[in-house]
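One-letter residues, chain by chain:
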Amino acid sequence: FSIIAMGGLLILIPAIPMLAYRRRVKKKAKQSRELLRKIDDLDAVWNEKQIRQRAEEIYYHVQEAWTKTDYEGLKPYLTEHLYEQWRTRLTWMELRNEHNVLDKIKLLRSAVVGVQDASDDRKDFCWLYIEGSMIDYTVDTETNSVTEGTRKKSTYVEFSKLQRVHDMLYLDDVRQKDDVNLEDFTDWREQQ
């Protein structure tokens, strides 16, 4: 029995930091959800279900367009600012004979973890916690050798900023888990 218990602990111990992190994400998501409930009747953009649906739509379409180097496929989902950044990045990759392959893409979890609702709608945005899995690697297009990443599926956490443009949300920023502090995402509504 003790051998089985020790084996179980050895499996559970590495998962503890991620479980604690998810608990903090749930707390932030609950705070955001409370604000969204208050403001979605005043402004349809802030409907949590629709935000998450839009985030999922963006997630899959952007990954597909990126791996195909389809600039036009990115346009309906990115702000102009991010579109120009990514177009430049993809162009540089092409010039260096690099191609980023994304495959077996799956959105595992998402949650709104920060909301800013300003009286000027152009300043409205929200942050989403994104947990996904995929195969992600870069190949040298001349040699077909992998230069970065791996052909094995892995999971990851990132945060997506969706910026309001008129009455639609567009991807404006993506940050990796290690580049953010959950407490920096705030929920705020400017009084009208």
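Residues numbered from 1 in each chain as written. Predicted model: local features only at pLDDT ≥ 70, side-chain atom pairs only at ≥ 80, totals over all residues. Heavy atoms only, no water.

1. Details of the nonpolar core
Move 1: Formed by 32 residues in total, the largest nonpolar core has its most connected members in Ile51, Cys126 and Leu162.
Move 2: At the level of secondary structure, the elements contributing two or more residues to this core comprise helix H2 (16-39), helix H3 (48-67), helix H5 (80-95), strand S1 (98-117), strand S2 (125-140), strand S3 (146-165) and strand S4 (168-176).
Move 3: Take this core: its biggest share by element is seven residues, from H3.
Move 4: In terms of nonpolar packing, the next biggest core, distinct from the first, is built from eleven residues, Tyr21, Trp127, Phe159 and Val180 among them. (Core = buried A, V, L, I, M, F, W, Y, C linked by side-chain atoms within 4.5 Å. Buried < 20%, exposed > 50% of the residue type's maximum accessible area, 1.4 Å probe, protein only. Helix = DSSP H or I, 4+ residues; strand = E, 2+ residues; numbered from the N terminus.)

2. Quick word on the sheet that holds S1
Move 1: Strands sit in the order S4-S3-S2-S1-S5 across an open sheet of five strands; the sheet is mixed. Each edge of the open sheet is held by one strand with a lone partner, namely S4 and strand S5 (187-189). Along the sheet, successive strands turn relative to each other by an average axial angle of 35 degrees, direction set aside.
Move 2: As defined by bridge partners, S1 adjoins S2 across 15 bridges and the pair is classed as antiparallel. Pairing of Gly114 across the sheet is with Trp127, part of S2.
Move 3: Contacts from H3 reach S1, S2, S3 and S4 within the one sheet, and its direction differs from that of S1 by about 160 degrees. (Pairing = 2+ DSSP bridges. Axes fitted to C-alpha atoms, helices over the stretch in contact; angles between N-to-C directions. Contact = heavy atoms within 4.5 Å.)

3. Brief notes about the side chain of Asp43
Move 1: One can find Asp43 in the loop between H2 and H3.
Move 2: Leaving out residues up to four positions away in the same chain, Asp43 has contacts with Asp121, Asp124 and Arg164.

4. Considering the environment of Lys28
Move 1: Mapped onto the fold, Lys28 is located in helix H2.
Move 2: Given a relative accessible area of 9%, Lys28 falls into the buried group.
Move 3: On a C-alpha basis, the gap between Lys28 and Tyr170 in space is 22 Å, while along the polypeptide they are 142 residues apart.
Move 4: Sequence-distant contacts of Lys28, defined by excluding residues within four places in its chain, comprise Val112, Val113, Leu182, Phe185, Thr186 and Asp187.

5. Let's talk about the pattern of salt bridges
Move 1: All chains considered together, the criterion is met by 16 salt bridges.
Move 2: We note a salt bridge from Lys68 to Glu64, for which the minimum N-O separation is 2.9 Å.
Move 3: Overall, Glu64 belongs to the partly exposed group, its relative accessible area being 41%. (Salt bridge = Lys/Arg side-chain N within 4 Å of Asp/Glu carboxyl O.)

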